[in-house]
Amino acid sequence: MRATKLRRGLLTLLAVVLALAWAFPVYWMVNSAFLDKATLSSTKPTFLPFGGSLDNFTTVIGDPAFGRALVISLSVTLVTVAAALAIAFLGALAISRFRFRGRASFVLALLLIQMLPAEGLFIAQYKMMSSVGLLNNVIGLAVLYTAAVVPFTIWMLRGFVAGVPIDLEEAAMVDGLSRTQAFLRITFPLLAPGLVASGVYAFLQAWNEFTVALVVMTEEQARTLPLWLRGFIQASATRETDWGQVMAASTLVAIPVIVFFLLVQSRMSSGLVGGAVKG
Amino acid sequence: MSSASSSRRVPLALIIPTLLILLVALGYPIGWQVITSFQHYGMLQQFGQAPEWVGLDNYTALFTDGYLWVVIARSIVFCLVCAGGTVAIGGGMALLMRAVSTPARLILQVALLVAWAMPVVTSMTVWIWIVDWRRGVLNWLLTRLGGDFQGHNWLVEPLSFFAVAAVIVIWMSVPFVALSIYAGLTQVSPEVLEAAQIDGATGWQRLRHIILPLIAPVVSIVLLLQLIWDLRVFTQIKLLQDAGGFANETNLLGTYIYQLGTGAGDFGAAAAVSVIMLALTVAMSWYYVRSLMKEES
């Protein structure tokens with residue numbers, strides 16, 4: 001009996017140690033964000049943000065480069081979310097409500113496309129954007145992002161569309177609504193949670209994306225937030241860095257993501273592992 | 001309008017926007033890339049000179065140049081280490097979550113979710129700060145533990161560069177794997193395990209003969225996804241190079257393409273490496289996509 005108790009205690013300890021290890025970088029980011037340059041320059045790290053201040057945050061928010069990158073990131077993200085939802089919604093409707101020739105190939109193509117690495121495409125995308133004059137352009141980047149998220153968005157939405165019983169729509173049509181009316185009044189409201197989840201997925205992808213932005217947003221004026229953060233990393237290679245400010249900047253970029261992510265995580269991962277886990 | 005013809009036209013109309021955006025943003029670049037990979041397309045072509053057809057020259061040049069093989073070998077080793085490490089640690093954590101009390105499990109789950117939620121570039125800024133050679137907390141800790149790591153630069157040596165990169169990649173990937181396998185484990189019925197225990201099966205036997213076969217599908221899917229994702233790893237390597245690593249000694253496929261294209265302006269070669277990378281990904285994704293399709297129909 002004592003042996004099992006001891007074993008359980010050790011396992012609990014292990015779980016807590018692992019939890020600390022995985023949470024530590026996130027904690028370290030927030031902790032350092034509150035500390036000033038002098039504290040962070042000391043050879044001994046400061047593990048608790050006592051005596052810290054919001055100075056780093058005010059400096060970062062006051063930096064015009066941050067404001068510019070924020071506006072660009074927000075515009076690209078919003079255009080991507082709106083376009084991806086509109087396009088993917090129609091696509092999801094097609095594959096979950098209709099059986100048509102080529103449907104299986106269409107779904108297969110979507111799933112394969114969703115796996116294509118941006119790194120295998122970005123040089124060609126750069127050339128394409130430069131030939132049509134859309135380098136450093138919000139719409140140009142949003143077009144590339146929309147194409148990248150549409151396949152998985154359709155895949156996520158498909159389940160929600162299929163989940164709305166078609167009988168409900170038909171009953172409404174018997175009651176005298178047209179097909180469009182029945183759809184708008186009955187089906188659409190039931191789809192709202194699915195649209196929110198897929199919208200958040202598209203938001204996270206566009207907000208966090210680094211690779212494609214690096215290639216097509218070549219000018220400093222056109223940097224998205226991840227590219228702006230990269231500027232700090234590049235600078236740190238050659239000179240003393242004010243890590244408190246970098247961490248404050250990172251915290252500001254990460255917080256909306258962490259909040260949104262926690263909202264939709266379960267739906268996104270069930271889309272990825274599919275039938276292997278029945279949740 | 002007959003309903004048969006309308007029911008054929010409606011779904012096609014619905015997928016037209018999807019087809020259009022995919023053709024414009026992905027189809028055209030892929031086509032361009034395949035064509036360019038058979039052309040000489042360098043700096044002169046950047047300024048308007050027509051590219052010249054060279055057949056398989058780009059491919060033969062790459063495959064006879066030892067550097068591509070070095071990059072491919074590095075990418076494969078890095079991919080195997082990261083994917084293997086991630087699935088081993090993630091699987092271990094999933095089993096651990098089953099064994100411990102609910103509060104301990106919740107603490108671990110929350111920590112994993114928060115780490116998972118971090119945007120990749122912010123994770124990189126924090127990790128680069130942690131391993132910073134001047135004042136990073138890692139060097140402080142190792143020195144406290146008795147090593148001499150004051151001022152040790154982790155990014156200069158290729159081997160320690162990749163060790164840092166692998167730790168970061170594994171840290172980022174473990175949450176998805178651990179939580180997915182744990183979700184699979186919750187499907188294993190406690191009654192079956194209890195019956196096996198009464199029949200005298202040891203913990204190891206229960207794991208080997210009951211639990212593992214039941215979670216094999218989810219483990220194989222997450223392993224495959226990790227292999228695909230870790231083969232294309234770019235952001236982590238690029239940013240560690242920016243932070244002080246030497247690009248030539250640390251390039252993987254993604255950063256090599258980037259360097260060929262935007263750095264050297266050799267678009268023909270960059271396109272050829274991209275085509276190789278796309279082909280590898282499609283081949284590796286095939287099984288995964290088939291398994292998703294099966295469940296779909």
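Source: prediction; values computed, not measured.

### Re the overall build of chain B
Within chain B, the regular secondary structure consists of 14 helices and 2 strands. Here chain B holds 297 residues, and the buried ones make up 51% of them. A separation threshold of at least 6 residues defines the contact pool for chain B, and within that pool the share at least 24 residues apart is 68%. Separation of charge centres in chain B, based on 14 positive and 15 negative side chains, amounts to 9 Å.

### Side note on the UniProt feature "transmembrane region" (unreviewed entry) in chain B
UniProt tags residues 67-94, 106-130, 159-185, 210-229 and 267-289 of chain B as "transmembrane region" (unreviewed entry). The span residues 67-94 of chain B is 100% helical and 0% strand by assignment, and the distance between its end C-alpha atoms comes to 40 Å.

### Points about unusual backbone geometry
Of note in the backbone geometry, Asn-136 of chain A takes a positive phi value of approximately 60° without being a glycine. Tracing the sequence through the fold places Asn-136 of chain A in the loop between α6 (122-131) and α7 (138-163).

### What about the environment of Met-293 of chain B?
Structurally, the position occupied by Met-293 of chain B is in helix α14 (residues 267-296). Judged by relative accessible area, Met-293 of chain B falls into the buried class, the value being 14%.

### Some details on the layout of surface pockets
Empty space within the largest pocket amounts to approximately 790 Å³. Mapped by element, the contributors of at least two residues to the lining of the largest pocket are α1 (2-33) of chain A together with α4 (66-99), α9 (190-198) and α10 (203-231) of chain B. It is α10 of chain B that contributes the most residues to the lining of the largest pocket, 5 residues altogether. Its residues assigned to classes, the lining of the largest pocket shows 11 nonpolar, 3 polar and 5 charged.

### So, the UniProt feature "transmembrane region" (unreviewed entry) in chain A
Residues and elements named next belong to chain A. As annotated in UniProt, the feature "transmembrane region" (unreviewed entry) corresponds to residues 69-94, 106-126, 138-161, 182-204 and 246-264 in the numbering used here. For the annotated span residues 69-94, helix accounts for 100% and strand for 0% of the residues, and the straight-line distance between the end C-alpha atoms is 37 Å. For the annotated span residues 182-204, helix accounts for 100% and strand for 0% of the residues, and the straight-line distance between the end C-alpha atoms is 32 Å.

### With respect to the domain arrangement of chain A
All names here are of chain A. Along its sequence, chain A is carved into domain 1 (2-33) and domain 2 (63-274). The C-alpha centroid of domain 2 is placed 34 Å from the C-alpha centroid of domain 1. The contact between domain 1 and domain 2 buries some 420 Å² in all, and 82% of this surface belongs to carbon and sulfur atoms. Linking domain 1 to domain 2 there are 0 salt bridges. In this structure, the connection of domain 1 to domain 2 is made through 0 residue pairs in polar contact (both at pLDDT 80 or more).

### Some details on the packing of aromatic side chains
On inspection of all chains with the given rule, the structure shows 27 aromatic pairs over all chains. Here Trp-243 of chain A and Trp-129 of chain B contribute two aromatic rings whose centre-to-centre distance is 5.3 Å and whose plane-to-plane angle is 15°, an arrangement assigned as stacked. Pair noted here: Trp-243 of chain A is in helix α12 (residues 243-273) and Trp-129 of chain B is in helix α6 (residues 120-130), and the two residues belong to different chains. In terms of burial, Trp-243 of chain A and Trp-129 of chain B fall into one category: buried.

### Some points on the nonpolar core
Within the largest apolar cluster, 190 residues are counted, with the highest numbers of intra-cluster contacts made by Trp-228 of chain A together with Phe-78, Leu-108, Leu-112 and Leu-240 of chain B. If one sorts the elements of this core by residue count, helix α8 (residues 158-185) of chain B sits on top with 18 residues. Counting the residues that make up this core, at least three belong to each of domain 1 (2-33) and domain 2 (63-274) of chain A. Ignoring any residue separated from it by four or fewer positions in sequence, one finds Trp-228 of chain A in contact with Val-60, Asp-63, Ala-65, Phe-66, Ala-69, Arg-223 and Ala-249 of chain A.

Analysis parameters
- Residues numbered from 1 in each chain as written.
- Chains lettered and ligands numbered in written order.
- Predicted model: local features only at pLDDT ≥ 70, side-chain atom pairs only at ≥ 80, totals over all residues.
- Heavy atoms only, no water.
- Helix = DSSP H or I, 4+ residues; strand = E, 2+ residues; numbered from the N terminus.
- Buried < 20%, exposed > 50% of the residue type's maximum accessible area, 1.4 Å probe, protein only.
- Contact = heavy atoms within 4.5 Å.
- Lys, Arg positive; Asp, Glu negative; His and termini not counted.
- Charge placed at Lys NZ, Arg CZ, Asp CG, Glu CD.
- UniProt positions renumbered as here; feature names shortened; annotations may be inferred.
- 1 Å grid on protein atoms, 1.4 Å probe; cavity = no way out; pocket = protein on both sides within 12 Å on 5 of 7 lines; lining within 4 Å.
- Points joined across faces, edges and corners; volume = space filled by probe spheres on them.
- Nonpolar A, V, L, I, M, F, W, Y, C, P; charged D, E, K, R; others polar.
- Domains from an automatic or database assignment.
- Buried area = accessible area lost by both parts, 1.4 Å probe.
- Salt bridge = Lys/Arg side-chain N within 4 Å of Asp/Glu carboxyl O.
- Polar contact = N/O pair within 3.5 Å; in protein donor to acceptor, adjacent residues only side chain to side chain.
- Phe/Tyr/Trp six-rings, centres within 6.5 Å; stacked < 30°, edge-to-face > 60°.
- Core = buried A, V, L, I, M, F, W, Y, C linked by side-chain atoms within 4.5 Å.

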